[in-house]
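Below are the chains, spelled out letter by letter.
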Amino acid sequence: MRAAVISGIGAWLPPDVVGNDDLAARMDTSDEWIRTRTGIRTRHFVSAGMPTSLLAAEAGARALQSAGTADVDAVVLATTTPDRPCPATAPEVARRLGLTGRPAFDVSAVCTGFLYALTTAAGMIASGAAEQVLVIGAEAFSTLIDPQDRASAVVFGDGAGAVVLRAGEPGEPGALGRIVLGSDGSLADLITVRAGGSEQPHPHPDADPADGYFSMRGREVFGHAVTRMSESARAALAHTGWQPDDVDRLVGHQANLRILHAVAEQLDIPVERLVIHLDRVGNTAAASIPLALAHAHGTGDLAPGARVVLAAFGGGATWGATALTWPALKSA
């Protein structure tokens, strides 16, 4: 069977950098409070007139350049913050990239979205429907956050990361291993924006204004995230035939430093092997794993031949993991 192989990588962050002191100036918090609870120091926010499609196209262009191609057979966008509720944002991303006419669609699985999008793209390649697919995770999460909500406003940031997948051989560097996915709809209220869908159309005369903003039950999310990311990572390792000692880099969803450390502990992987990017960008939901990969690749922390595990947990609830050997890629 044909495998999906990473052949290019790219990332883009909005230029507006927001530090912890900037947030402390307008709400009851401090740099120390944020850092000790999340590990985050700065994040990037979109400015007016900067939709998710722009972030996605910028990251996608860099991934295409890294892969040495200007064309792909499809565009798959993982996002929780589309430009509009309707239509999907991916066709606009394709247009921005000069790929009008190519199939393009969105995938929504919140912070696990990038892994779900990888699975979809890998299936297209395995079936022969595509030779190359551009997979993007892009979020403008600051547009969903109540700016006065200390629990969420300090955590999230905006940005986009992308990879190009090409058809290749199983086992070659960059080939995605088995992608283990799961979901549990009974946990939908843990991570949610209640208003704006068919269940509670927005605006609604009886709606609570807070329902239009993102909300998260952080304490409960912590436990589920650690358990599900650890379980799915173990399953991905089992499919690959690796032991925890074989893992050179663990790239978890960049939600919270404590979660990442707890997952590493559960897997018996030294914390020194964690890829940490959230201190610079915060939680960027579906964009966090590709942003972390692009950053580690760019700094040399992720070297060709490194054995890598990716794991995520997000709203839905959703979760997933996969493993691969990192390939030699050109920097965009």
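Structural notes, computed from the coordinates. Residues take numbers from 1 onward in each chain, read along the sequence in its written order. With the structure being a predicted model, the display of local features is reserved for residues of pLDDT at least 70 and the display and counting of side-chain atom pairs for 80 or more, all residues being used for whole-chain, interface and lining totals. To obtain the side-chain values, all non-hydrogen atoms of the structure were used and water was disregarded.

### A look at the packing of aromatic side chains
Centre-to-centre distance and the angle between the planes together describe a pair of aromatic rings. Only centres within 6.5 Å qualify two rings of Phe, Tyr or Trp (six-membered ring in Trp) as a pair; their planes then separate them into stacked at under 30 degrees, edge-to-face at over 60, and tilted for everything else. For the coordinates displayed, the defined rule picks out four aromatic pairs. Taken together, a centroid distance of 5.2 Å and an interplanar angle of 75 degrees make the contact between Phe-141 and Phe-214 edge-to-face. In this pair, Phe-141 is assigned in the loop between strand S6 (132-140) and helix H6 (150-153) and Phe-214 in the loop between strand S9 (191-192) and strand S10 (215-216), connecting sequence segments 73 residues apart. Each of the two residues, Phe-141 as well as Phe-214, counts as buried. Summarising the aromatic geometry, the rings of Phe-156 and Phe-214 are spaced 4.9 Å apart at their centres and angled 70 degrees between planes, so their arrangement reads as edge-to-face. Highlighted residues: Phe-156 in the loop between H6 and strand S7 (158-168) and Phe-214 in the loop between S9 and S10, separated in sequence by 58 residues. Residues Phe-156 and Phe-214 agree in their burial class; the two are buried. An aromatic cluster of three or more residues is present, and its members are Phe-141, Phe-156 and Phe-214. Put simply, DSSP H or I for four residues or longer makes a helix, DSSP E for two residues or longer makes a strand, and each gets a number counted from the N terminus. Note on exposure labels: buried denotes an accessible area under 20% of the residue type's maximum, exposed denotes more than 50%, and partly exposed covers the range between, all computed with a 1.4 Å probe on protein chains only.

### A word on the side chain of His-44
Relative to the assigned elements, His-44 resides in strand S3 (residues 42-45). Looking at His-44, its side chain comes within polar contact range of the main-chain oxygen of Pro-14, at 2.6 Å. In this description, contact between two residues means that some pair of their heavy atoms is separated by no more than 4.5 Å. Apart from the residues within four sequence positions on either side, His-44 is in contact with Leu-13, Pro-14, Asp-16, Val-17, Gly-157, Asp-158, Arg-280 and Val-281. Each polar contact in these results corresponds to two N or O atoms within 3.5 Å; when the atoms are within protein, one needs to be able to donate a hydrogen and the other to accept it, and residues that are neighboring in sequence are counted only if both atoms are side-chain atoms.

### Concerning the nonpolar core
Nonpolar core, defined: a set of buried Ala, Val, Leu, Ile, Met, Phe, Trp, Tyr and Cys residues in which side-chain atoms within 4.5 Å join the residues together. Counting residues in hydrophobic clusters, the biggest one holds 48 residues, and the most contacted among them are Leu-250 and Phe-313. If you list the elements that add at least two residues to this core, you get helix H7 (218-240), helix H8 (257-267), strand S12 (307-314) and strand S13 (318-325). It is H7 that provides the largest number of residues to this core, a total of seven residues. Contacts of Leu-250, omitting those with residues within four sequence positions, involve Val-263, Ala-264, Leu-267, Ile-269, Arg-273, Leu-274, Val-275 and Val-309. Counting residues in each nonpolar core, the second largest holds 38 residues, with Ile-9, Leu-165, Ala-286 and Leu-302 among its members.

### A short note on the pattern of salt bridges
A carboxyl oxygen of Asp or Glu within 4 Å of a side-chain nitrogen of Lys or Arg is what we treat as a salt bridge. The final tally for this structure, using the stated rule, is 14 salt bridges. The closest approach of N and O atoms between Glu-231 and Arg-228, which form a salt bridge, is 3.2 Å. Note that Glu-231 and Arg-228 are positioned in helix H7 at a spacing of three residues, about one turn of the helix. Classification of Glu-231 by relative accessible area gives partly exposed; the value is 38%. Here the residues in one salt-bridge network are Glu-92, Arg-95 and Arg-96, joined through shared partners.

### A closer look at the sheet that holds strand S8 (residues 180-183)
Should DSSP find at least two bridges between two strands, the strands are regarded as paired. Strand order in this open sheet of four strands is S8-S13-S12-S11, and the pairing throughout is mixed. Of all the strands in the sheet, the pair left with one neighbour each is S8 and strand S11 (249-252). Neighbour-to-neighbour, the strand axes of the sheet open up by a mean angle of 10 degrees, direction not taken into account. Here S11 pairs with S12 via four bridges, running parallel. What sits directly across from Arg-249, in S12, is Val-308. For every element, the axis is a line fit to its C-alpha atoms; helices are fit only across the contacting stretch, and the angle between N-to-C directions ranges from 0 to 180 degrees. Along the sheet face, H7 touches S8, S11, S12 and S13 and points at about 145 degrees away from the line of S12.

### Some words on the sheet that holds strand S1 (residues 3-12)
Read from one edge of the open sheet, five strands run S1-S7-S6-S4-S5, paired in mixed fashion. Since the sheet does not close on itself, it has two edges, and those belong to S1 and strand S5 (104-107), each with one partner. Averaged over all neighbouring strand pairs, the angle between strand axes comes to 20 degrees, with direction disregarded. Looking at chain direction, S6 and S7 are connected through nine bridges and run antiparallel. Looking at S7, one finds that Glu-139 is bridged to Gly-159. Against the sheet, helix H10 (residues 288-299) engages S1, S6 and S7, with an angle of about 80 degrees to S1.

### Regarding the environment of Ala-130
Along the chain, the position of Ala-130 falls in the loop between helix H5 (113-127) and S6. Ala-130 has contacts with Arg-2, Asp-73, Met-124 and Ile-125, leaving out every residue within four places of it along the chain.

### Details of the packing of H7 against H8
Two elements in contact, H7 and H8, have axes separated by 9 Å at closest approach and are oriented at 40 degrees. Relative to H8, the element H7 is oriented oblique. Crossing of H7 over H8 shows right-handed handedness. Note on element contacts: H8 touches H7 through Arg-258, Ile-259, Ala-262, Val-263, Gln-266 and Leu-267, opposite Phe-222, Ala-225, Val-226, Met-229, Ser-230, Ala-233 and Arg-234. Partitioning the contact of H7 with H8 into residue classes produces nine nonpolar, two polar and two charged. Roughly parallel means an angle under 35 degrees; roughly antiparallel means over 145; roughly perpendicular covers 65 to 115; every other angle is labelled oblique. If you view the pair so one helix is near and one far, a crossing is left-handed when the near helix is turned anticlockwise from the far one by less than a right angle, and right-handed when it is turned clockwise. Each residue gets one of three labels, nonpolar for Ala, Val, Leu, Ile, Met, Phe, Trp, Tyr, Cys and Pro, charged for Asp, Glu, Lys and Arg, and polar for the others, Gly among them.

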